Amino acid sequence: MTDTPPVLKISRPMPATAARVFAAWTTAEDLRGWFAPFPFTAPEAVVEPKVGGRFEVCMAGPDGSRMWTRGTITALEPDAAISLDLGAHGPDGTRLFGAATEARITAQPMGCLLSVTQSYTPGPACPPGVFAGAEMGWTAALMQLATLVMRG
């Protein structure tokens, strides 16, 4: 089993309203446009924007491999925050780790600030070093999110 990594905290200014950024977290079409760091894509997504609702995103690698993030929405504050209880699953469906995730959106002049906090619970099948790229992956995904919300 992998040691529990430190909590990830990352923030990024977004060139859009808090409502637009919140919508990007709560609509499947938007999630498919940003919830995977390049060169991965997110060809499938399901989101039910209510407490207890499903939150599922398939990430596809350039080699054709597919990994799912599946979980539920645990808290929802329209245009302000979403909390998720997620699990990352490998290509064979094995749960690799849990990820408690909170995205907080704070309105600012000229847009908003998105702050993501994620804590991990490794499972028995969690490969060593899997968390080493978490910050880089989130940074890349949030860059894609900024581009998506800037377009409208």
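Report on the accompanying structure. (Residues numbered from 1 in each chain as written. Predicted model: local features only at pLDDT ≥ 70, side-chain atom pairs only at ≥ 80, totals over all residues. Heavy atoms only, no water.)

Observations regarding the overall build of the protein
How we decide: The helix and strand labels rest on DSSP assignments: H or I over at least four residues marks a helix, E over at least two residues marks a strand, and numbering proceeds from the N terminus. As a reference, a globule follows 2.2 Å times the number of residues to the power 0.38, and the radius of gyration itself is taken over C-alpha atoms. Using a 1.4 Å probe on the protein chains alone, a residue whose accessible area is under 20% of its type maximum counts as buried, one over 50% counts as exposed, and one in between counts as partly exposed. Here, two residues are considered to be in contact whenever any of their heavy atoms come within 4.5 Å of each other. The Shrake-Rupley method, run with a 1.4 Å probe, gives the accessible areas here. Residue values count only the displayed protein chains as cover.
A tally of regular secondary structure across the protein gives three helices and seven strands. Shown N-terminal to C-terminal, the secondary structure of the protein runs as helices and strands in the order β-α-α-β-β-β-β-β-β-α. By the compact-globule yardstick of 15 Å for 152 residues, the protein fits well, its C-alpha radius of gyration being 15 Å. Projected onto the principal axes, the alpha-carbon positions of the protein cover approximately 45 × 30 × 30 Å. Looking at the protein residue by residue over its 152 residues, the buried ones come to 47%. In the protein, the share of contacts with a sequence separation of at least 24, taken over all contacts with a separation of at least 6, comes to 47%. By element, 60% of the accessible surface of the protein is carried by carbon and sulfur atoms, the whole surface being about 7,600 Å².

Some details on the sheet that holds strand E7 (residues 111-122)
To keep it simple, the criterion reads: Strand pairing is assigned whenever DSSP identifies at least 2 bridges connecting the two strands. Axis definition: a line fitted to C-alpha atoms, over the contacting stretch in the case of helices. Angles run 0 to 180 degrees between N-to-C directions.
The strand order across the open sheet formed by seven strands is E1-E7-E6-E5-E4-E3-E2, and the pairing between neighbours is antiparallel. Whereas interior strands pair on both sides, the edge strands pair on one side only; in this sheet they are strand E1 (8-14) and strand E2 (41-47). On average, adjacent strands in this sheet sit at an angle of 20° to one another, irrespective of strand direction. Along the sheet, helix H1 (residues 18-26) contacts E1, E2, strand E3 (54-60), strand E4 (66-77), strand E5 (81-89), strand E6 (95-108) and E7; its crossing angle with E7, the most-contacted strand, is approximately 30°. Across the face of the sheet, helix H3 (residues 134-150) comes into contact with E1, E6 and E7 while running at roughly 20° to E1.

What about the nonpolar core?
Applied cut-off: As used in this record, nonpolar core signifies buried Ala, Val, Leu, Ile, Met, Phe, Trp, Tyr and Cys residues forming a set joined through side-chain atoms within 4.5 Å.
By size, the foremost hydrophobic cluster in this structure holds 44 residues, and its most contacted members are Trp25, Trp34, Phe55, Leu114, Trp138 and Leu145. For this core, the leading source of residues is H3, giving eight residues. Phenylalanine 55 has contacts with Trp25, Leu31, Phe35, Val46, Val47, Thr69, Arg70, Gly71, Thr72, Ile73, Leu84 and Leu86, leaving out every residue within four places of it along the chain.

Here's the deal with the packing of aromatic side chains
We count it as follows: Here a pair means two rings of Phe, Tyr or Trp (six-membered ring of Trp) with centres within 6.5 Å. Their orientation is stacked below 30 degrees between planes, edge-to-face above 60, and tilted elsewhere.
Inspection of the entire model under this criterion finds nine aromatic pairs. When the centroid spacing of 6.2 Å and the interplanar angle of 75° are considered together, the rings of tryptophan 25 and phenylalanine 35 count as edge-to-face. Within this pair, whereas tryptophan 25 is found in helix H1, its partner phenylalanine 35 is found in the loop between helix H2 (28-34) and E2, the two being separated by 10 residues in sequence. Comparing tryptophan 25 with phenylalanine 35, the two get one shared label, buried. Taking the centre distance of 5.6 Å and the plane angle of 70° together, the rings of phenylalanine 35 and phenylalanine 55 count as edge-to-face. Placement of the pair is phenylalanine 35 in the loop between H2 and E2 and phenylalanine 55 in strand E3, with a sequence separation of 20 residues. Here phenylalanine 35 matches phenylalanine 55 in class, with each residue buried. These aromatic residues form a ring-pair network of at least three members: Trp25, Trp34, Phe35, Phe55 and Trp138.

Focus on unusual backbone geometry
In this structure, proline 39 follows phenylalanine 38 across a cis peptide bond, with omega equal to 15°. Position of proline 39 among the secondary structure elements: in the loop between H2 and E2. Even without a glycine there, the phi angle at aspartate 79 is positive, about 65°. Its location among the elements puts aspartate 79 in the loop between E4 and E5. Of the residues examined, aspartate 79 reaches a relative accessible area of 37% and is grouped as partly exposed.

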